[in-house]
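Tertiary structure, described
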Amino acid sequence: MNMHKKIALLFVLSFFSLNSFSQSNEAVKKLSNLVCDCLTDTENPQNEEEFQKLIQACMVKSFTDDMTLFSNAIDPSDTTKTNNEKGQELGFKVGQYLTLTCESFQEKVKILQDQLVTSEPEDSVSALSTILRGNTLMEAGKCSEAIPLYNKVIQLDNFQQSSYKVTAFNNRGYCKSELGDYYGAITDLSVALEINPNYSFALNNRGEAKLSIGDFNSAILDFNKSIEIAPDLTEAYNNLGLAYYYKENFSSAYSNYHKAISLDSTNGSFHFNLGLVDFSTENYESAIVNFQKAKTLSNEITDFSYYLSSTYKALGFYEKAIDILKDDPETAFDYINLNDIGLNYYSLEQYDSAITYFDKSILIEPNSPTIYLNRGYAFYDYDKKDLAFKDFDKTAALDSTNIEGLYMKSVVYYDLGEFELALAELSHTINMYNDVAELYAQRGRTKMQLEDFKGASEDFTSSIEIFPNDYEVYTERGKAYLGNKDVELACKDFSTSQALGAEDVEELISTNCSKN
């Protein structure tokens, strides 16, 4: 869990209320670096009061060491905000930059958090200690227990606690998002941003919540604004990449992932996401490189083995794909991975092994129409038509709109000579899907077996109207015309079929078509 998502400025720079400050990124960056250098040379604070004094002392020292910075920061002409508002705004920006870039600051916050959590009574009214106790729970994945602590801080009615309050809204919003309450998260994070519009972490977190509800365009606006405020916030670049990835704008996704990696090349998730773009754009060799790099940096990449094996599968290296999935200990309990092993064996035409892994997958997930469909294909190609039909029938029972399951039921009926049943199944399916060429073609074949040549030619015509470049269907319609004694139309179709590339119509033409 990334601390950048949670920790904002955890102190109040009260002396800022005496002056007015500009908010340029360069000024903030230089000031923050000076404060960071100062913190590096100081002892760790033992309590909240010492922490406050230490930060303020380093701020004063930074301005004293560089009076040019002080004079550049003052902006007396800005009358749109009160001095307190300007001071808090600058304080938040400095805090955000320290959180992102200053290891000494991060270390001192962590030490203070551990001290306060263990030394302060649980009913303490200190805003800082309450937030830090909440953060400790949040980091342990106990967001439902952290939220009541953030509630306490939010209920405080004290201007001097307002920086803590905005942090509490941010952290509570983050927790709500983790618990799946995305709309509640967006509400909390929006309140945090009303208090401080330049709160880059809240913008990033709100963008993440918006991603979760599919509001990609609005999420992109939040991530861009977060980056504008905090150009070193790597998570914002990564999240911006995710938003573009979901919109299938792969070039923009790729560039933002690269920017995130340029800022933090040790984050395995960034490399993994880059690999997903490569995979989606069929740049498989590059995808493998990025997936493997991600694995060397992190052992917590979700679905790593699935995507790496899928990449090898896309390249036709089915044995390698199988080995990757089998080497993952989680595969034994993951029906998706087990199903994918079955698909790889199916591609190798090792149908018995494919069926074995589809069986294992079904034991874990017995309600997936896709797995029954896959096993049905394996049985069908293994020449076990009765078992194939049961699986195709189960597919249709689990998903009455599954066109492949419905179609393959008719194919098995056809293969078994049950043409009337095949015809009924196809007609039922065509009533749902009247724009699929192969359904009409298969019904035409079925009618040919029933010697309904006129009906067959009509179905082949419907198929051709949808997909006019299938030479086999022209050949089949030509045969239907022959059955209907319409030699002229038959020969026309045979010629069209030959022109489209058919190599098996010469005998039909020579036998049935006059050269005159």
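Given the structure is predicted, the values throughout are model-derived calculations rather than measurements.

Going through the model one piece at a time under the given rule, you end up with 18 salt bridges. With a shortest N-O distance of 2.7 Å, R375 and D391 are connected by a salt bridge. In this pair, R375 is assigned in helix α20 (residues 369-381) and D391 in helix α21 (residues 385-398), connecting sequence segments 16 residues apart. Grouping residues by exposure puts R375 and D391 together as buried.

Where helix α12 (residues 234-246) meets helix α14 (residues 268-280), the axes come as close as 11 Å, and the angle between the chain directions of the two elements is 20 degrees. Taken together, the axes of α12 and α14 are roughly parallel relative to one another. Seen from above, α12 lies across α14 with left-handed handedness. Packed against α12, whose contacting residues are T234, E235, N238, L242 and Y245, the element α14 presents F270, N273, L276, V277 and S280 at the interface. Across the contact of α12 with α14, the residue classes break down as five nonpolar, four polar and one charged.

Here we take up a nonpolar patch on the surface. Taken together, the side chains of Y335, I336, L363 and I364 present a nonpolar region at the surface, about 380 Å² in accessible area. Residue assignment for the nonpolar patch shows that the elements contributing at least two residues are α18 (335-347) and α19 (351-364). Relative to the helices and strands, L363 is located in helix α19. The exposure class assigned to L363 is exposed, which follows from its relative accessible area of 73%.

Attention now moves to a negative patch on the surface. A contiguous patch of negative charge on the surface is contributed by E472, E503, D504 and E506. For E506, the position within the fold is in helix α28 (residues 506-512). Note on E506: relative accessible area 54%, which makes it exposed.

Of note, L489 is situated in helix α27 (residues 487-500). Expressed as a C-alpha distance, the spacing of L489 and G478, which sit eleven residues apart in the sequence, is 6.9 Å.

One way to say it: the disulfide is the covalent bond shared by the sulfur atoms of two cysteines. Tallied over the entire structure, the rule returns four disulfides. Here C38 pairs with C58 through a disulfide, and the sulfurs are 2.1 Å apart. Its S-S torsion of about -75 degrees marks the bond between C38 and C58 as left-handed, since a negative value means left-handed. Here the residue C38 occupies a position in helix α1 (residues 25-40), and C58 occupies one in helix α2 (residues 48-65), the gap between them amounting to 20 residues. For C58, a relative accessible area of 1% puts it in the buried group. Each sulfur of the disulfide joining C143 and C175 lies 2.4 Å from the other. Between C143 and C175, the S-S dihedral sits near -75 degrees, and the bridge is therefore left-handed.

Our focus in this paragraph is the packing of aromatic side chains. Applying the stated rule across the entire model yields 17 aromatic pairs. Here Y351 and Y382 contribute two aromatic rings whose centre-to-centre distance is 6.3 Å and whose plane-to-plane angle is 55 degrees, an arrangement assigned as tilted. Of this pair, Y351 sits in helix α19 while Y382 sits in the loop between α20 and α21, and the two are 31 residues apart along the sequence. The buried category is assigned to Y351, whose relative accessible area is 16%.

Given a rise of 1.5 Å per residue, 14 residues ought to cover 20 Å, and the 20 Å separating the end C-alpha atoms of helix α25 (residues 453-466) matches this to within 8%. When α25 is considered as a whole, its buried residues turn out to be G455, A456, S457, D459, F460, S463 and I464. Buried positions along α25 lie against α24 (437-449) and α26 (471-483).

Here the focus is helix α6 (residues 127-139). Count 3.6 residues to each turn of an α-helix, and residues three or four apart come out pointing the same way. The terminal C-alpha atoms of α6, which comprises 13 residues, lie 18 Å apart, in line with the 18 Å expected from a rise of 1.5 Å per residue. With ten of its 13 residues buried, α6 lies for the most part within the structure. Listed in full, the buried residues belonging to α6 are A127, L128, S129, T130, I131, L132, R133, G134, N135 and M138. Immediately beyond the C-terminal end of α6, within one or two residues, lies G141, with a positive phi of roughly 80 degrees.

As for its placement among the helices and strands, S286 is situated in helix α15 (residues 284-297). Measuring from C-alpha to C-alpha, the distance between S286 and G275 comes to 7.0 Å, with eleven residues separating the pair along the chain. Not counting chain neighbours up to four residues away, the residues in contact with S286 comprise Y254 and D278.

Notably, D383 is not glycine yet its phi reads approximately 60 degrees, a positive angle. Position of D383 relative to the elements: it lies in the loop between α20 and α21. With a relative accessible area of 59%, D383 lands in the exposed category. Despite not being glycine, K485 shows a phi value in the positive range, around 65 degrees. For K485, the location among the structural elements is in the loop between α26 and α27. Owing to a relative accessible area of 72%, K485 belongs among the exposed residues under this scheme.

What follows covers the confidence of the model for the protein. In the predicted model, the protein carries a mean pLDDT of 87, and 85% of its residues have values of at least 70. With pLDDT under 50 throughout, residues 1-23 is counted as low confidence; its partners more than four residues away or in other chains account for 98 contacts.

The rules behind each value
Residues numbered from 1 in each chain as written. Predicted model: local features only at pLDDT ≥ 70, side-chain atom pairs only at ≥ 80, totals over all residues. Heavy atoms only, no water. Salt bridge = Lys/Arg side-chain N within 4 Å of Asp/Glu carboxyl O. Helix = DSSP H or I, 4+ residues; strand = E, 2+ residues; numbered from the N terminus. Buried < 20%, exposed > 50% of the residue type's maximum accessible area, 1.4 Å probe, protein only. Axes fitted to C-alpha atoms, helices over the stretch in contact; angles between N-to-C directions. Parallel < 35°, antiparallel > 145°, perpendicular 65-115°, else oblique. Left-handed = near helix turned anticlockwise from the far one by under 90°. Contact = heavy atoms within 4.5 Å. Nonpolar A, V, L, I, M, F, W, Y, C, P; charged D, E, K, R; others polar. Patch = residues over 30% accessible without salt bridge, like charges linked within 9 Å, V, L, I, M, F, W, Y side chains within 5 Å. Areas by Shrake-Rupley, 256 points an atom, 1.4 Å probe, with all protein chains shown as cover. Lys, Arg positive; Asp, Glu negative; His and termini not counted. Charge placed at Lys NZ, Arg CZ, Asp CG, Glu CD. Disulfide = S-S within 2.5 Å. Phe/Tyr/Trp six-rings, centres within 6.5 Å; stacked < 30°, edge-to-face > 60°. Expected span 1.5 Å × (residues − 1). pLDDT = per-residue confidence, 0-100.

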